[in-house]
Amino acid sequence: MPQGSSPLLELTQITKAFGGVEALRGIDFALSPGEIHGLVGENGAGKSTLMKIIAGVHPEFSGRFMLDGRETRFRSTRDARAAGIAMVHQELSVAPDLSVAENVFLGVQPTNALGFVQWRRMAREAGEQLSRFGIDVDPTARLGDLPIGLQQLIEIARVLFSGARIIILDEPTSALSPPEVERLFATLRRLRDAGSAIIFISHFIEDILGISDTVTVFRNGRKVMDTAAGATIKATLIEAMIGKGREALEETYTHDVALPAPSETPVVLEASGLSLARSLNDVSFQARAGEVLGVYGFMGCGQLELARILFGKLKPDRGQLQVAGETKAFGSTADARRAGIAFVPESRRAMLFHQEPVYKNVSISILDRISSLWLKPSQEREIAMRQVEQLQIRPSAVELDLGMLSGGNQQKVALAKWLTFPPRVLVLCEPTRGMDVGAKNDVIHIIRHLREQGLAIVVLSTEPETVLSLADRIIVLKRGAVVREFTGEKISKDRLLEAA
Amino acid sequence: MVSSDSAAVPAGDRKGSRRIAALLRSQMRNIAPFLTLIFLSAFFAIASPSFATIDNVGNILTQVSVTGIIAVGLTFVILCAEIDLSIASIANVTGIAVAYFTLQESYVNIANIPLPGWAAILLALVLCAVLGLVNAFGLTVIGIPSFIMTLAMMQIAAGISALLVRGQIAYKVPDLIATLGSASIGGIPWIVIVAALMLLAGHLVLTYTRFGRYVYMVGGNREAAEYSGLNVKLILGSVMVISAVCSGIGGMLGVAHFGSAQQNEFDTYLLDSIAAVVVGGTSLFGGRGGIGNTIVGLFVLGVLNNGLDHVNIDSFLKILIRGLILLAALVINVYAQRLRAKAAD
């Protein structure tokens, strides 16, 4: 890394554990004034944890934290802000009901001698700041009425103009269009030339290489690489991120996975030209019977919206869906279910009833198949018991409240809901996220078994392993558009990452 | 990202003992109102010799009947984590409507439209159902929160009432309604029988039908219900209509029971009905409770109102005491919800 005069921030041997699990293991990290420092790594590699330590979100950690050459400990984000450190978090944290100007000056509104907010001054200055950033927007407009990308830019602008010396940006470009990314980069360079230090986290390796002076790669809580951005290439970074020869238990997919030859089975689900506001742009694909279609992309690429359109929760602005050759316009999720579509969302909380027994969770989606008016609880229990046995859900007691089950078993219940009367199409979001290896393998086996029964399965995930372990064909979504399709060829994790 | 899952690992024995505690906690919601009822009954029985008599039990049953009929529908609404503030106004306008379509004595100065009894009842039922449909439309299609939508409906229904009676009082209702509202059979008032039958019907629907299950699931986790492919809007709309129709029936019988139909006649029934449902232990957050709870709540309220009349205390103080006891019951309701949420974690 470039040896500047003296580092602004110097961290030595930082270690941080959450409940016995080490998220960071002995990290050394230095940041100089006038430097843009790119940070890459897979989900859970420890990037965000380190940034939260720097921004004072996590006050507990071990290791040495030097700011301006003096040992420092932040007790809170307030301390960090007072020391000139500001962070833009991955999730949007704006106040949608306030005006643009109020958001820009959130917490630091200009006031007069009596303590009244100087609205006109605030609006004027907000407008000036934003236009310096290349954003031409009415500062009195309600922020929530603006497109998401613009909201994100305004949030970034707020932090950039807060006068902070150290600015941390966590995935700032995921919702931005290419020209917006360019504008952001121009501003970052200007701030760097004025002496600010910037940490830039992104999944988009091109962005990292395009803007950073230095790049650090994290893997499994360790720093595995530290280099000048000009001295490396995308493939090298991806290789460092994934690592070679990881733990034997998990398949790593660093070697080629051969996708089967294109399937000739009938098309069950066909999406053509789906567009939704700024989330999706002209997405088309086909899902065939007995085939798993993988949809891969980074967080914010439009997967969640796509899945919700398929299950009738969101209505696309343009485009149409065909199920088994019939054009469908779903008015509700009930319509989608009746058309033979099943859905398991990325969050179990959004799918299951934690305070209800397992059998009611299993039967909820098929009640109309087993009873017209009066419930048949004994039949419900019987069906649930059959699923519990088949899917090896533990403990195997259908009367137990669902909340008593572990996460992996809950995920199996979420699948079990749809299996008694198999749907035509099964849409799965992040089916194995946050699960241990055993449960993960169980779920993978269940899905493969369903594929053999002739279901068309759509798996959407931000984890390359999930898609690679399940999919027969893969499409890659990037900023709401399909940018690549892999079919009947060999593919590995780095090629998938490269495409996204 | 790493911390949350580690807590789920520990072995089974800790979970076993926790399960018993969790079961007790989860039953808090049913136990607490029942204990309140027993405590209040015992208190008034000791404090007043005239309280614990057969006659007075009959009084209490009659006194809670109209509230009970209205509370059946409200239970459905609250189980879905919605609210209906228009119940009393809809009861009032339906009662007025059924009198409006009945031939009144010549001294009643209302420009009414006399119809045969069955037609009057049918029109009144159609009216309350339509008002319920408007609530349902506002809530599900337009997306107005039920609190606001039914607040508006409260005013609208009161407005229709005002236009129909124009400050006058009507007395006559169709014979069937008069019988059900004010006559008795074998010493038991018909209105008590109707209330009991409606509560029973409500219980059967909620417990043994598919629709009832959907109501609980929508109230328990609306998002999950939607992602399970339930038509959540249809279910929410249905409970608003059920609530309005129950209110309407309560209103018609109430008018017969009181012997007159006039403006603002049912105003106290709004708070009483909500209190009965919630005091009984049905969760304001939805998904927990039921008609059984509502019945206990009705009796808590009935015993309280009736018992305070039997003991010799300042009648102005009674209002305050009533409020404080309701507050205590509500605190228990919210607290029981929290205990249960903890038990589920």
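The model shown is predicted, which means the values in this text are computed figures rather than measured ones.

**Student:** Any chance you could explain the pattern of salt bridges here in plain terms?
**Tutor:** Side-chain pairs of opposite charge can arise whenever the charged atoms involved come near each other. All names here are of chain A. With the rule as written, the count across this model stands at 29 salt bridges over all chains. The salt bridge partner of arginine 142 is aspartate 97, with a shortest N-O separation of 2.7 Å. A residue pair is termed long-range when its members are at least 10 positions apart, and arginine 142 in the loop between helix 4 (119–132) and helix 5 (148–160) and aspartate 97 in the loop between strand 6 (85–88) and helix 3 (100–104) qualify at 45 residues. When its relative accessible area of 33% is taken as the criterion, arginine 142 is described as partly exposed. What makes aspartate 97 exposed here is its relative accessible area of 58%.

**Student:** Explain the side chain of aspartate 472 of chain A to me, please; I cannot follow it from the model alone.
**Tutor:** Residue and element names in this part refer to chain A. Note on placement: aspartate 472 falls in the loop between helix 16 (464–470) and strand 20 (473–478). Accessibility expressed as a relative area gives 12% for aspartate 472, which makes it buried. A distance of 2.7 Å separates polar atoms of two side chains, one belonging to aspartate 472 and the other to arginine 451. If near-sequence neighbours (up to four positions away) are discounted, aspartate 472 is found in contact with Leu259, Pro260, Gly290, Glu291, Val292 and Arg451.

**Student:** Looking at this structure, how should I read helix 4 of chain A?
**Tutor:** It helps to recall that an α-helix has 3.6 residues per turn; residues three or four apart then point in one direction. Residue and element names in this part refer to chain A. The terminal C-alpha atoms of helix 4 lie 20 Å apart, and with 14 residues this matches the ideal 20 Å at 1.5 Å per residue to within 8%. Along helix 4, the positions that sit buried rather than exposed are Met122, Ala123, Ala126, Gln129 and Leu130. The buried residues of helix 4 occupy an angular sector of 135 degrees when the element is viewed end-on, so they sit on one face. Turned more than 90 degrees off the buried face of helix 4, the exposed positions are Arg120 and Arg132. Buried positions along helix 4 lie against helix 3 and helix 5.

**Student:** Just checking my understanding: could you explain the environment of lysine 16 of chain A for this structure?
**Tutor:** All names here are of chain A. Here lysine 16 shows up in strand 1 (residues 9–18). Take lysine 16: its relative accessible area is 9%, and that puts it in the buried class. Residues lysine 16 and glycine 63 lie 47 residues apart in sequence; the distance between their C-alpha atoms is 8.9 Å.

**Student:** It is not clear to me how a nonpolar patch on the surface should be interpreted in this structure. Could you clarify?
**Tutor:** Judged by side-chain polarity, Leu373 and Trp374 of chain A together with Leu197, Leu200, Leu204 and Tyr208 of chain B come together as a nonpolar surface patch covering roughly 600 Å² of accessible area. Within the element layout of this structure, leucine 200 of chain B appears in helix 8 (residues 190–208).

**Student:** Looking at this structure, I do not really get the environment of threonine 232 of chain A. What am I missing?
**Tutor:** All names here are of chain A. You can see threonine 232 is positioned in the loop between strand 10 (222–228) and helix 8 (234–242). C-alpha separation for the pair threonine 232 and leucine 209, spaced 23 residues apart in sequence, amounts to 8.4 Å. The residues contacting threonine 232, other than those within four sequence positions of it, are Leu209, Met225, Thr227 and Leu237.

Rules used in this analysis
Numbering of residues starts from 1 in every chain and runs along the sequence as written. For naming, the first written chain is A and the first written ligand is 1, with later ones following in the order written. Thresholds applied to this predicted model are a pLDDT of at least 70 for local features of residues and 80 or more for the giving and counting of side-chain atom pairs; totals over whole chains, interfaces and linings are not thresholded and use all residues. In computing side-chain values, all of the structure's heavy atoms are included and hydrogens and water are not. Salt bridges are defined by distance alone: a side-chain nitrogen of Lys or Arg within 4 Å of a carboxyl oxygen of Asp or Glu. Put simply, DSSP marks the helices as runs of H or I at least four residues long and the strands as runs of E at least two long, and each gets a number from the N terminus on. Relative accessibility decides the category of a residue: with a 1.4 Å probe and only protein chains considered, values under 20% of the type maximum give buried, values over 50% give exposed, and everything between is partly exposed. Throughout this description, a polar contact denotes any pair of N or O atoms lying within 3.5 Å of each other; where both atoms belong to protein, one of them has to be capable of donating a hydrogen while the other can accept it, and for residues adjacent in sequence the pair is counted only when both atoms sit in side chains. Every residue pair with non-hydrogen atoms within 4.5 Å of one another is taken to be in contact. To estimate how far a helix should reach, multiply one less than its number of residues by 1.5 Å. Arc, as used here, means the arc of the directions from the helix axis to the C-beta atoms. Any residue with relative accessible area above 30% and no salt bridge may belong to a patch, with like charges joined within 9 Å and the nonpolar Val, Leu, Ile, Met, Phe, Trp and Tyr side chains within 5 Å. Every accessible area reported is derived by Shrake-Rupley at a probe size of 1.4 Å, with residue values counting cover from the shown protein chains alone.

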